[in-house]
Amino acid sequence: QQQVKQSPQSLIVQKGGISIINCAYENTAFDYFPWYQQFPGKGPALLIAIRPDVSEKKEGRFTISFNKSAKQFSLHIMDSQPGDSATYFCAASIWGNTDKLIFGTGTRLQVFP
Amino acid sequence: GAGVSQSPRYKVAKRGQDVALRCDPISGHVSLFWYQQALGQGPEFLTYFQNEAQLDKSGLPSDRFFAERPEGSVSTLKIQRTQQEDSAVYLCASSQYPATNEKLFFGSGTQLSVL
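Our subject in this report is the structure included herewith.

The rules behind these values
The numbering scheme is per chain: residues are counted from 1 as the chain's sequence reads. As they are written, the chains are lettered A onward and the ligands numbered 1 onward, keeping that order. Confidence filtering applies because this is a predicted model: local features only for residues at pLDDT of at least 70, side-chain atom pairs given and counted only at 80 or more, and all residues used for totals across whole chains, interfaces and linings. With hydrogens and water stripped out, all remaining heavy atoms of the structure feed into the side-chain values. Candidates for patches are residues over 30% relative accessible area with no salt bridge; among them, like charges are joined within 9 Å and nonpolar side chains (Val, Leu, Ile, Met, Phe, Trp, Tyr) within 5 Å. In short, Shrake-Rupley with a 1.4 Å probe defines the accessible areas, and a residue's cover is counted only from the protein chains shown. Salt bridges are defined as contacts in which a side-chain nitrogen from Lys or Arg sits within 4 Å of a carboxyl oxygen from Asp or Glu. Working definition: helices are DSSP H or I runs of at least four residues, strands are E runs of at least two. Numbering for both runs from the N terminus. Under the scheme applied here, a residue whose accessible area is under 20% of the maximum for its type counts as buried, over 50% as exposed, and between as partly exposed, the area being computed with a 1.4 Å probe on protein chains only. Strand pairing requires that DSSP identify at least two bridges connecting the strands. Any two residues having at least one pair of non-hydrogen atoms within 4.5 Å are treated as being in contact. Accessible area that two parts lose when put together, evaluated with a 1.4 Å probe and summed over both, is termed the buried area. In protein, a polar contact means a hydrogen-donor-capable atom and an acceptor-capable atom, both N or O and within 3.5 Å, with residues adjacent in sequence counting only if both atoms are side-chain atoms; elsewhere, any N or O pair within 3.5 Å suffices. Each residue gets one label: Ala, Val, Leu, Ile, Met, Phe, Trp, Tyr, Cys and Pro are nonpolar, Asp, Glu, Lys and Arg are charged, and the others, such as Gly, are polar. All axes are obtained by fitting lines to C-alpha atoms, using only the stretch in contact for helices, and the reported angles, taken between N-to-C directions, cover 0 to 180 degrees.

1. As for a nonpolar patch on the surface
Then, in step 1: A contiguous nonpolar surface patch, about 240 Å² in accessible area, is contributed by I18, I20 and M78 of chain A.
Then, in step 2: Here M78 of chain A lies in the loop between β8 (72–77) and β9 (86–92).

Have a look at this one:
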């Protein structure tokens, strides 16, 4: 019930391409879905987040697509750059609750020039 | 400083030793979280403070783990009688908002290695 499943585990994309990372959840009480970016030796940094009342949110080159009926959400990185090479984590929680963020297992993205 | 500061950056302990990990959250931030990140995994929740009150400690893996935030700012995570399975990066995160995971700022973590 608390698990968030993330795929793929690793992703290699050419510069300028689109990177797509997918997550699925089971707990229908989740209503806050953030994506975090983590560089080696650093803590995760909030990239973009969505609530289930919208199906898509875009911030610059980053877009979250959300499918409430399928209990799935995804991160799209347009025009991927070598500087985007990092590990990306999806997460879910119940907003307005002290309940914890449940993180996915992470996707290591490598963008080659 | 401008961000969440954690110290030490690295800690090596012999099995059975006690360790203390420090977190300095962003000034004025009400919420403070501790997470444990095993190698190659996502962070896992340990405990949550709102000001000095520890409102959720359901993620602490055993009674060897103890956290405090006595004055509502700096927090310390203490692990007694460390075991090899305690080896991980311990992340601290803070938010200006109470009772929410929204807009968390994470520190760079303390990497604990138990030999």
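2. Comments concerning the pattern of salt bridges
Residue and element names in this part refer to chain A.
Then, in step 1: Summed over the entire model, instances satisfying the criterion amount to six salt bridges over all chains.
Then, in step 2: The partner of K57 in a salt bridge is E59, with the nearest N and O atoms 3.6 Å apart.
Then, in step 3: D84 is the salt-bridge partner of R61, the closest N and O atoms lying 2.9 Å from each other. In this pair, R61 sits in the loop between β6 (56–59) and β7 (62–67) while D84 sits in the loop between β8 and β9, placing the two residues 23 residues apart along the sequence.

3. A closer look at the pairing of strand β5 (residues 44–50) of chain B
Residues and elements named next belong to chain B.
Then, in step 1: For β5, a buried count of five out of seven residues is recorded, marking the element as mostly surrounded by other parts of the structure.
Then, in step 2: With three bridges joining them, β5 and strand β6 (residues 53–56) adopt antiparallel strand pairing. Across the sheet, the residue bridging to Q50 is A53, located in β6.
Then, in step 3: The antiparallel pairing of β5 with β6 creates a hairpin that spans two residues between the two strands, and N51 there sits at a positive phi of about 55°.

4. Considerations on the interface of chain B and chain A
A common way to express how large an interface is: the accessible area buried when the components associate.
Then, in step 1: Listed by partner, the interface residues are 23 residues for chain B and 21 residues for chain A.
Then, in step 2: When chain B packs against chain A, close to 1600 Å² is buried across both sides, 52% of that on carbon and sulfur atoms.
Then, in step 3: The interface formed by chain B and chain A includes zero salt bridges.
Then, in step 4: Linking chain B with chain A are four residue pairs in polar contact (both at pLDDT 80 or more).
Then, in step 5: When residues of the side of chain B that touches chain A are traced back to their parent elements, those giving at least two are β4 (31–37), β5 and β6 of chain B.
Then, in step 6: At three residues, β4 of chain B tops the list of elements feeding residues into the side of chain B that touches chain A.
Then, in step 7: Residue composition of the side of chain B that touches chain A, grouped by class: ten nonpolar, nine polar and four charged.

5. Quick word on the sheet that holds β8 of chain A
Residue and element names in this part refer to chain A.
Then, in step 1: With antiparallel pairing, five strands are arranged side by side in an open sheet as β1-β3-β8-β7-β6. Edge positions in the sheet fall to β1 (4–7) and β6, since each of these pairs with one other strand and no more. In this sheet, neighbouring strand axes are inclined to one another by 15° on average, regardless of whether the strands run parallel or antiparallel.
Then, in step 2: Two elements, β7 and β8, share six bridges in a ladder whose sense is antiparallel. By the bridge assignment for β8, N67 is matched with Q72.

6. Considerations on unusual backbone geometry
Then, in step 1: A cis amide bond links S7 of chain A to the next residue, P8 of chain A, at an omega of -5°.
Then, in step 2: Within the secondary structure, P8 of chain A sits in the loop between β1 and β2 (10–14).
Then, in step 3: Backbone torsion omega between S7 of chain B and P8 of chain B reads -5°, so that peptide bond is classified as cis.
Then, in step 4: If you trace the backbone, P8 of chain B turns up in the loop between β1 (5–7) and β2 (10–13).
Then, in step 5: With a phi close to 45°, D79 of chain A is a non-glycine residue in the positive phi region.
Then, in step 6: Its identity as a non-glycine residue notwithstanding, R81 of chain B has a phi of 45°, on the positive side.
Then, in step 7: Along the chain, R81 of chain B falls in the loop between β8 (75–79) and β9 (88–95).

7. Examining the environment of F66 of chain A
Residue and element names in this part refer to chain A.
Then, in step 1: Here F66 lies in strand β7.
Then, in step 2: By relative accessible area, which is 8% here, F66 ends up buried.
Then, in step 3: With 45 residues separating them along the chain, F66 and I21 place their C-alpha atoms 12 Å apart.

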